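Chain by chain, the residues run as shown.
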Amino acid sequence: MTNRLTINADRIKGTINRNIYGHFSEHLGRCIYEGLWVGEDSPIPNTKGIRNDVVAALKQMKIPVLRWPGGCFADEYHWKDGIGPREQRKRMINTHWGGVVENNHFGTHEFLMLCEMLECEPYINGNVGSGTVQEMSEWVEYMTFEGVSPMAELRELNGRAEPWKVKYFGVGNENWGCGGNMRPEYYADLYRQFQTYVRNYGDNRIHKIACGPNSDDYHWMETLMKQAHRFMDSTTLHYYTITGDSWQEKGAATGFPEQLWARTMKKALYMEELLVKHSAIMDQYDPEKRIGLLVDEWGTWFDVEPGTNPGFLYQQNTIRDALVAGITLHLFNQHCDRVQMANLAQLVNVLQAVILTEGEKMLLTPTYHVFNMFKVHQDAQLLDIHLTTKELKSDIDDAIPQISSSASIDASGKIHISLCNLDHLASAKVDLDLRGLTNENVRVSGTTLTADSVDGHNTFENPDRVAPAPFTSFAWDGKLLKVDLSPMSVTVLELMTD
Ligand code: AHR
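Numbering of residues starts from 1 in every chain and runs along the sequence as written. Two thresholds apply to this predicted model, a pLDDT of at least 70 for residue-level local features and 80 or more for giving and counting side-chain atom pairs, whereas whole-chain, interface and lining totals are computed over all residues. Neither water nor hydrogens contribute to the side-chain values; these are computed over all heavy atoms in the structure.

Some details on the UniProt feature "domain: Alpha-L-arabinofuranosidase C-terminal" (unreviewed entry) in the chain
UniProt positions are given in the numbering used here, feature names are shortened, and annotations may be inferred rather than shown by experiment. Mapped onto the present numbering, the UniProt feature "domain: Alpha-L-arabinofuranosidase C-terminal" (unreviewed entry) falls on residues 296-489. Each end of residues 296-489 is marked by a C-alpha atom, and these two atoms are 26 Å apart; helix forms 13% of the span and strand 38%. Secondary structure counts use DSSP, requiring at least four H or I residues in a row for a helix and at least two E residues in a row for a strand, with both numbered from the N terminus.

Structure representation (structure tokens):
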């Protein structure tokens, strides 16, 4: 069967918020230390302690927003431990993640400096679980107050006279779990209290983010919306793709049985149901869609690489992860009326990372390449599409679609169509019917990413085994664009009219 994709180039469905392509960095394993921060005295080339190679790769990918310091770590983090002369900073135990000593060398100043280097928005997650209202309030004052105040003076003493601009601020993380094991009724009240003291200073405007549900916890969303929707700008959703039957056996990142390919796709596609159902609850309290749904933790979660610290969550990243990224980003694009941000977990060396490092070596994962290829969707207008696609049957799971897609038009009039072929065994033909073009003189180019096995991945010895290549398997007849997609591939087409 030939799949068919109709693209209505004259029907705009919304704007794809660039923050959908956002990321997450936690004090976990080798994400912050080694992955981002090596210190000023490191032999690894760095600027003020931050790795140059990682910054360059992330800028290339156009990282729009970065969440920090957690995750579970956020509700144990006391920000005052991470300011002032580094050698005098408090050392603590990172109880969630491997029980290692956290020396607090990477704190508020270092994070906000990193965001300046990356030219991305900071998204700071405050501590509700073990913090106080005063502590949270003072953090915001420290970062954003301009003028005479105790926290502004402390900031200046620590070398930064100018306040930073901080827009995104989360009031707690996973407060239904590691952030305090609260009931939604209790958290909603705490949220109302804490957010009262998250102040706007000068012209800094904080976008207040309430901790939303885990996966399909619709009761949490309902309760939070009912009790607190008036006090928030956004709420969150966390959902991870795991292929095993439990959190104890999550499944291997490489060398997995081939039948788990389809299961992984199915689990990733479950995000659609979550977005639809949570949005429906939010619609009852916020029909104008003022409040954003931020999927601020998502991605694959597999067993750690053999021989690594189980608390460090270090996993390899394959073409399967690339497909999970592609189809999930498509879902976020399609739901851009409600999804204002998403943050892949996590940036470097943890879970579905876009970058892995080993000493001075760095590699870009297949997931990185998807984000780099999809950056053309950032801030573009989502186009109306209709897809008729073959169903792929599997012995152990429900069927999955062969194709997933999204299309957008950017400010210069270029159309970008991203296509995933979820079929790991067969190539897929797609007829693209382009309607509503003002000019039928179309120039097409494309890039594609695939691999030679279901767990094809990059290693420090062979860092370009899975890398994007020019896509040439298309023919344009003035009406239909016929494409032939390799098995297990992610492709982005660019269409320019004269
Ligand atoms: O991303 C790893 C962890 O997953 C985060 O710390 C937590 O918020 C979630 O459970």
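A few points about the side chain of Ser406
Following the sequence through the fold, Ser406 ends up in strand S19 (residues 403-409). On the basis of relative accessibility, which here comes to 0%, the residue Ser406 falls in the buried class. Here Gln334 takes part through its side chain, which lies 3.2 Å from a polar atom of the side chain of Ser406. In this description, contact between two residues means that some pair of their heavy atoms is separated by no more than 4.5 Å. Setting aside its immediate chain neighbours within four residues, Ser406 contacts His330, Asn333, Gln334, His377, Leu382, Ile385, His416, Ile417 and Ser418. Burial here depends on accessible area, computed with a 1.4 Å probe over protein chains only, as a share of the maximum for the residue type. Under 20% is buried, over 50% is exposed, and the range in between is partly exposed. Counting of polar contacts relies on pairs of N or O atoms within 3.5 Å, with two restrictions inside protein: one atom must be capable of donating a hydrogen and the other of accepting it, and residues adjacent in sequence are counted only when both atoms are side-chain atoms.

Overview of the environment of Met341
Secondary-structure assignment places Met341 in strand S13 (residues 339-345). Here the alpha-carbon distance between Met341 and Leu323, two residues 18 residues apart in the chain, equals 20 Å. With near-sequence residues (within four places) excluded, Met341 lies in contact with Asn19, Ile20, Val65, Tyr123, Tyr168, Leu293, Leu294 and Val295.

So, unusual backbone geometry
In terms of backbone geometry, most residues other than glycine have negative phi values and most peptide bonds are trans. Following Trp68, the chain continues to Pro69 via a peptide bond in cis, the omega torsion being 5°. Tracing the sequence through the fold places Pro69 in the loop between strand S5 (65-68) and strand S6 (92-94). Residue Ala345 is joined to Gln346 through a cis peptide bond whose omega torsion reads -10°. Mapping Gln346 onto the fold places it in the loop between S13 and strand S14 (355-358). The backbone of Glu174 sits at a positive phi, close to 40°, despite the residue not being glycine.

Regarding the state of the cysteines
Disulfides are covalent bonds that link the sulfur atoms of two cysteine residues. The criterion for a disulfide is a pair of cysteine sulfur atoms lying within 2.5 Å. The full count for this structure, using the stated rule, is 1 disulfide. In this model, Cys72 is linked to Cys178 through a disulfide, with the two sulfur atoms separated by 2.2 Å. On the sign convention where negative means left-handed, the S-S torsion of about -90° between Cys72 and Cys178 marks this disulfide as left-handed. Note that Cys72 is positioned in the loop between S5 and S6 and Cys178 in the loop between strand S9 (168-171) and helix H5 (184-196), a separation of 106 residues in sequence. Cys115 takes part in no disulfide bond, and the closest cysteine sulfur, belonging to Cys120, lies 4.0 Å away.

A few points about the site of the ligand
The local shell around the ligand holds 13 residues, among which Glu26, Cys72, Glu174, Tyr240 and Glu297 are the closest. Note that an oxygen atom of the ligand is positioned 2.7 Å from one of the side-chain N or O atoms of Glu26. Within the side chain of Gln346, a nitrogen or oxygen atom sits 3.0 Å from an oxygen atom of the ligand. Taken by itself the ligand offers 280 Å² of open surface, and the protein chains cover 94% of this. Residue type decides the class: Asp, Glu, Lys and Arg count as charged, Ala, Val, Leu, Ile, Met, Phe, Trp, Tyr, Cys and Pro as nonpolar, and the leftover types, Gly among them, as polar. Residue composition of the shell around the ligand, grouped by class: 7 nonpolar, 3 polar and 3 charged. In these notes, residues near a molecule or strand are those with any non-hydrogen atom within 4 Å of it. Only the protein chains shown count as covering a residue, and every accessible area follows the Shrake-Rupley method with a 1.4 Å probe.

Structural notes on helix H4 (residues 150-157)
All of the buried residues in H4 are Met151, Ala152 and Arg155. Projected down its long axis, H4 carries its buried residues within an arc of 100°, all on one side. When the buried face of H4 is taken as reference, the exposed residues oriented beyond 90 degrees from it are Pro150, Glu156 and Leu157. Buried residues belonging to H4 abut helix H2 (108-118) and helix H3 (133-144). Once H4 ends, the next one or two residues include Gly159, with phi positive near 100°. Within this analysis, the arc is defined by the directions that extend from the helix axis to the C-beta atoms.

Side note on the sheet that holds strand S24 (residues 474-476)
In space, the 10 strands of this open sheet follow the order S23-S22-S26-S20-S19-S16-S1-S21-S25-S24, with mixed pairing throughout. On the outer flanks of this sheet lie strand S23 (469-470) and S24, each paired with one strand and no other. When DSSP finds two or more bridges between two strands, those strands count as paired. When strand S16 (residues 381-388) meets S19, the two strands line up antiparallel, connected through 2 bridges. Each residue of the ladder has a partner; that of Gln381, found in S19, is Ile409.

A few points about the pattern of salt bridges
The salt bridge criterion pairs a side-chain nitrogen of Lys or Arg with a carboxyl oxygen of Asp or Glu, the two atoms within 4 Å. Within the structure shown, the criterion is met by 28 salt bridges. In this structure, the salt-bridge partner of Glu116 is Arg160, at a minimum N-O distance of 3.2 Å. One end of the pair, Glu116, is in helix H2; the other, Arg160, is in the loop between H4 and S9, and 44 residues separate them in sequence. By relative accessible area, which is 42% here, Glu116 ends up partly exposed. Residue Glu273 is joined to Lys277 by a salt bridge in which the shortest nitrogen-to-oxygen separation is 2.9 Å. Pair noted here: Glu273 and Lys277 are both in helix H7 (residues 260-285), with a separation of 4 residues, about one helical turn. The exposure class of Glu273 is partly exposed, given its relative accessible area of 34%. The network of salt bridges with common partners includes Asp283, Asp286, Lys289, Asp337 and Arg338.

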